[in-house]
Amino acid sequence: MHPREQTIFALSSGRPPSAIAIVRVSGPKAGVALEKLAGKIPFPRTATRALICDGKGQAIDDAIMLWFPGPASATGEDVAEFHIHGGRAVLASLFAALSAIEDVRAAEPGEFTRRAFENGKLDLTEAEGLDDLIHADTDRQRRQALRQLKGLLGDRARDWRREIIDASALIEAGIDFSDEGDVSSELIAPALGRVKALLGEIKEVLAAEGKAERLRDGLIVAIAGPPNVGKSTLMNQLARREVAIVSPHAGTTRDIIEVQLDLDGYPVTVIDTAGIRETDDPVEQEGVRRARWRAAEADLVLWLTDADDGMKGHQGSAPIWLVRNKIDLGDAANGKANAAREFRISAVRGDGLADLVEALVHFAQDFFGSVEAGLITRERQRRLLGDTAAALERSLDVNLGAAGQGDELVAEDLRSAVYCLGRLLGRVDVEDILDVIFRDFCIGK
Ligand SMILES: Nc1nc2c(ncn2[C@@H]2O[C@H](COP(=O)(O)OP(=O)(O)OP(=O)(O)O)[C@@H](O)[C@H]2O)c(=O)[nH]1
Ligand SMILES: [Mg+2]
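Residues numbered from 1 in each chain as written. Chains lettered and ligands numbered in written order. Predicted model: local features only at pLDDT ≥ 70, side-chain atom pairs only at ≥ 80, totals over all residues. Heavy atoms only, no water.

Novice: I would appreciate a short explanation of the packing of helix 6 (residues 152-176) against helix 13 (residues 407-425) in the present structure.
Specialist: To characterise two packed helices, one gives the angle between the axes of the helices and the distance between these axes. Interhelical geometry of helix 6 versus helix 13 gives an angle of 160° and a closest axis separation of 9 Å. Taken together, helix 6 and helix 13 sit at an angle that is classed as roughly antiparallel. The element helix 6 and its partner helix 13 pack so that their crossing is left-handed. Its residues assigned to classes, the contact of helix 6 with helix 13 shows 16 nonpolar, 3 polar and 6 charged. (Axes fitted to C-alpha atoms, helices over the stretch in contact; angles between N-to-C directions. Helix = DSSP H or I, 4+ residues; strand = E, 2+ residues; numbered from the N terminus. Parallel < 35°, antiparallel > 145°, perpendicular 65-115°, else oblique. Left-handed = near helix turned anticlockwise from the far one by under 90°. Nonpolar A, V, L, I, M, F, W, Y, C, P; charged D, E, K, R; others polar.)

Structure representation (structure tokens):
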């Protein structure tokens, strides 16, 4: 039997041991699994208690089970759920009992979602949203993922695709009538008008950049500066735990240390780097090289200093804030620096940290903009939508000759736009397009 037709099972809840573990089974043998292990198939979608036994009649656990007959299930197939006690041995016994059934096997990663996708339960953008939702760390990431899962982009893309298919159909029909100049242009002109309007909508979505894509990875803030100025101390303060080693020796930090913070729902990665200075130590040299590189890549650099030495050694185009540390030791330096903003803190005592954090939150708000307005959350989506817009643009650029020259080119460009949107949704099916064309416009041919 083909692996795709086999019945799969997996632990769908968290890592054991846990109070309850949920094991999902999906595929044609899901019902058989219930019958063999629990002795019955429960009423659909109703929690039912049962003693689960293995093939030899040995009790495994006293459990709750659920039955979702396809196609009204998460995967579109028959689905069974076992809610058992989440001990490792309990799970191992249940897995062994399930595997013992013919054509039932452990699922590959993502296989449940893949089946849902293949059975038309979700499109590719929704599957991406589901993945994002599972991996969301902060509240804003969760909200964005949920919007995607609800199919906001998918629904728009489906509408666009349908409209372009309709426009193509008109144009194809126009081509059929190309001997009769009037009929042909009567069909083609309005079709191109629709394409133009669509192109406007797609461009709007592309332009509402909103940095929604970056919301998945988070904002990168690098702490850089000379050695021993308190970079690691600040990092630990922001993380509220000892992530980096702090010592009075210059050159303590060599590797790049990262922590993920949740700043008002925005994901922010703070990076502590090696103090930037000239050094003979090859290990420290490598640390400095990496520090420079990461600071250049960051979205924001906090340049820490405890003296008047400006910002020696900084490269890169990211905005940079000058943070004067160790103000507890007396008046810190005052020299002029070419930074966007300036802060005075004591990383050890905590003075000025609240202001710095508040400024970071504002920076994150500005950086992500009105993410809620953005529909695009992945580079993949942006690329395919960009390709769609380019194809539509080409179709409008074609110079239509009097005798229907160029119509074929327009049709070709529209087909390619439909193809790109199809890939965005994960559905590419030329038959779809042909169906519409033949169904609606095969006038007497
Ligand atoms: N008085 C005072 N000392 C501080 C402050 N911040 C850090 N220090 C001290 O400065 C020394 C260096 O601190 P680190 O955090 O290791 O400095 P760093 O910039 O990470 O140093 P490298 O990793 O070597 O580049 C330690 O002894 C800290 O306790 C501060 O605000 N006030
Ligand atoms: Mg350090």
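On we go from here.
Novice: Explain the coordination of the magnesium ion (ligand 2) here, please?
Specialist: Octahedral metal centres with six donors ideally show angles of 90 or 180 degrees, and tetrahedral centres with four donors ideally show 109.5 degrees. Protein coordination at the magnesium ion (ligand 2): the donors are Ser-232 (OG) and Thr-253 (OG1), at 2.0 Å from the metal. Residue Ser-232 is found in helix 9 (residues 231-239), and its partner Thr-253 is found in the loop between helix 9 and strand 8 (257-263); the two are separated by 21 residues along the sequence. Among the residues examined, Ser-232 registers a relative accessible area of 8% and is labelled buried. (Donors = N, O, S within 2.8 Å, 3.2 Å for Na, K, Ca; no water. Buried < 20%, exposed > 50% of the residue type's maximum accessible area, 1.4 Å probe, protein only.)

Novice: Would you mind showing me how to read the nonpolar core here?
Specialist: Counting 36 residues, the largest nonpolar core has Trp-160, Ile-164, Ile-171, Leu-385, Leu-392 and Leu-414 as the members making the most contacts within it. Sorting the residues of this core by element identifies helix 6, helix 7 (181-207), helix 12 (379-397) and helix 13 as the ones contributing at least two each. Beyond its immediate sequence surroundings of up to four residues, Ile-171 is in contact with Ile-188, Ala-191, Leu-192, Asp-407, Val-410, Ala-411 and Leu-414. Judged by nonpolar contacts, the second largest core, of 32 residues, contains Val-229, Met-235, Phe-343 and Phe-367. (Core = buried A, V, L, I, M, F, W, Y, C linked by side-chain atoms within 4.5 Å. Contact = heavy atoms within 4.5 Å.)

Novice: Would you mind showing me how to read the packing of aromatic side chains here?
Specialist: The relation between two aromatic rings is expressed through the spacing of the ring centres and the mutual angle of the planes. Taken as a whole, this structure holds 4 aromatic pairs when the rule is applied. Taking 5.4 Å as the distance between ring centres and 40° as the angle between the ring planes, the aromatic pair formed by Phe-9 and Phe-95 counts as tilted. Placement of Phe-9 in strand 1 (residues 7-11) and of Phe-95 in helix 2 (residues 88-99) is noted, with a sequence separation of 86 residues between them. For Phe-9, a relative accessible area of 3% translates into the label buried. A relative accessible area of 24% places Phe-95 in the partly exposed class. (Phe/Tyr/Trp six-rings, centres within 6.5 Å; stacked < 30°, edge-to-face > 60°.)

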